[in-house]
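Report on the structure
Take a look at the letters that make up each chain.
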Amino acid sequence: MERKIRVAQIGCGKMAKYTMRYALEKGAEVVLAFDVNEEIIGSDIGSIMETSNKNVIVEDIAALEKRLLEVKPDIAIVTTMSLLNDLGDVLRIVAKCHVNAITTCEEAFFASNSNPTLFKELDSLAKAGGITITGCGYQDIFWGSLISNLASSTHKITKIKGSSSYNVEDYGIALARAHGAGLTLEEFERDVASNDKMSEEERQKLIETRAFAPSYMWNVAGWLIDKLGLHLTSINQKCVPQTNNEDIESSTLDMIVKAGYATGMSAVVTATTKEGITIEAECIGKVYNSEEFDVNAWTIEGEPNTTMIINKPCTVELTCADIVNRIPDVIDSRSGFVSTSEMPELKYRVLPLNEYIEKE
């Protein structure tokens, strides 16, 4: 592609500060920006990035369809919600306007195993619009490709075990609430943990009716199974509240999380496969105390055993860099709701993004 890629930013919170700056620094243009927050609407995107003004004003999300049709960007970066149900309306509009979409929505990473009904609808709309929708971010590499690459150098695998922790303060209020942060233990049990206490048949009914709330590793397990060419036989999850012995202030929730209240949760997903390989993956998302930090640790058990531990990864920046570096792959991909498990291995982009795109 000879011209610059034109980007629309949907959601101008904590992640957009980086996605917009990274896109600009990689040679793209940010031509539109949208949000629902009245305190942000009307601001120049430069104030969000903490740079000079860029002469692009954040607009009300209500104008999304009208403005996409007028400006015709190549791709929308969507950094808003964590569950696909909450993103459905935005992605429908994007597809209708023939604009590609890449999102940090964790469920979108492999939505076909947790919300197949909406996945199929959006897949059909994307194909009809000749565009691609995909979900990626930190998990694309650190819960996905790094693990599949480790697996590719292993003779025999019996189990893949992973654990990753992150501070919900870094990702905005939607993610913090999805993790149960700030709830009493009784509220957590009622609103979060109760979703796990059901039979496989009951869970499947929830999945089919778009009522299932997956933990992030549910979709990661689906991605890894797809990437490794395995065949799922069973999958379940268990969510456990995390607490702290002292009160913790949460700027994201704008509250003091009292000692003994849920600061977030640990969600463990266990998947078995026809090939005899078990995937046991845990994500721990919570409001950190002063001594806690992000850790990403994975072990491949088999012949040989291999363990990878990454302490203090910059999960926000890594998520946003992954999103921006994936843009050429999304634009060049087949139409539909496409998992990055189908896309080429992600590459560092030295040149402007448009120089990696083959489609005209």
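First, a word on what this report is: a plain description of the structure on this page. (Residues numbered from 1 in each chain as written. Predicted model: local features only at pLDDT ≥ 70, side-chain atom pairs only at ≥ 80, totals over all residues. Heavy atoms only, no water.)

This part takes up helix H11 (residues 315–332). In this model, H11 (18 residues) spans 26 Å end to end at C-alpha, consistent with the 26 Å of a helix rising 1.5 Å per residue. Residue Arg326 marks the point of greatest curvature in H11, where the axis turns by about 40 degrees; the proline Pro328 follows within four residues. Burial analysis of H11 places 14 of its 18 residues in the buried class, the great majority of the element. (Helix = DSSP H or I, 4+ residues; strand = E, 2+ residues; numbered from the N terminus. Expected span 1.5 Å × (residues − 1). Bend = angle between axes of the 7 residues up to and from the residue. Buried < 20%, exposed > 50% of the residue type's maximum accessible area, 1.4 Å probe, protein only.)

Moving on, we get to the sheet that holds strand E15 (residues 336–337). Pairing in this open sheet of seven strands is parallel, and the strands run E3-E2-E1-E4-E5-E6-E15 from one edge to the other. Every interior strand has two partners, whereas the edge strands, strand E3 (58–60) and E15, have only one. In the sheet, strand E5 (residues 100–103) pairs with strand E6 (residues 132–135) via three bridges, with the strands oriented parallel. Note on E6: the bridge partner recorded for Thr103 is Gly135. Relative to strand E2 (residues 29–35), helix H3 (residues 64–71) is tilted by about 170 degrees, and along the sheet it contacts strand E1 (6–10), E2 and E3. Docked against the sheet, helix H4 (residues 84–96) engages E1, strand E4 (75–78), E5, E6 and E15, running at close to 155 degrees with respect to E5. (Pairing = 2+ DSSP bridges. Contact = heavy atoms within 4.5 Å. Axes fitted to C-alpha atoms, helices over the stretch in contact; angles between N-to-C directions.)

We now examine the layout of surface pockets. Estimates place the volume of the largest pocket at around 1,000 Å³. Lining the largest pocket we find 42 residues, and of these Gly13, Thr79, Thr80, Tyr171 and Gly172 sit closest to its centre. Put simply, the parts of the chain that give the lining of the largest pocket at least two residues each are E2, H4, helix H6 (138–152), strand E7 (156–167), helix H7 (173–178) and H11. With four residues, H4 is the single largest residue contributor to the lining of the largest pocket. (1 Å grid on protein atoms, 1.4 Å probe; cavity = no way out; pocket = protein on both sides within 12 Å on 5 of 7 lines; lining within 4 Å. Points joined across faces, edges and corners; volume = space filled by probe spheres on them.)

A few words on the packing of H6 against helix H10 (residues 216–228). Direction vectors running N to C along H6 and H10 enclose 35 degrees, while the axes themselves pass 10 Å from each other. In this structure, the crossing between H6 and H10 has a hand that is right-handed. For the pair formed by H6 and H10, the contact residues are Gln139, Asp140, Trp143, Gly144, Ser145, Ile147, Ser148 and Ala151 on the first element and Tyr216, Met217, Val220, Trp223, Leu224, Lys227 and Leu228 on the second. For the contact of H6 with H10, the class distribution of residues is nine nonpolar, four polar and two charged. (Left-handed = near helix turned anticlockwise from the far one by under 90°. Nonpolar A, V, L, I, M, F, W, Y, C, P; charged D, E, K, R; others polar.)

What follows deals with helix H5 (residues 116–129). Over its 14 residues, H5 extends 20 Å from the first C-alpha to the last, a length consistent with the 20 Å expected when each residue adds 1.5 Å. For H5, the full list of buried residues reads Pro116, Leu118, Phe119, Leu122, Asp123, Ala126 and Gly129. The arc enclosing the buried residues of H5, seen along the axis, measures out at 155 degrees, which places them on a common side. Turned more than 90 degrees from where H5 packs its buried face, Lys120 and Ala128 sit exposed. For H5, the elements touching its buried residues are H4, E6, helix H9 (200–208) and E15. Immediately beyond the C-terminal end of H5, within one or two residues, lies Gly130, with a positive phi of roughly 65 degrees. (Arc of directions from axis to C-beta.)

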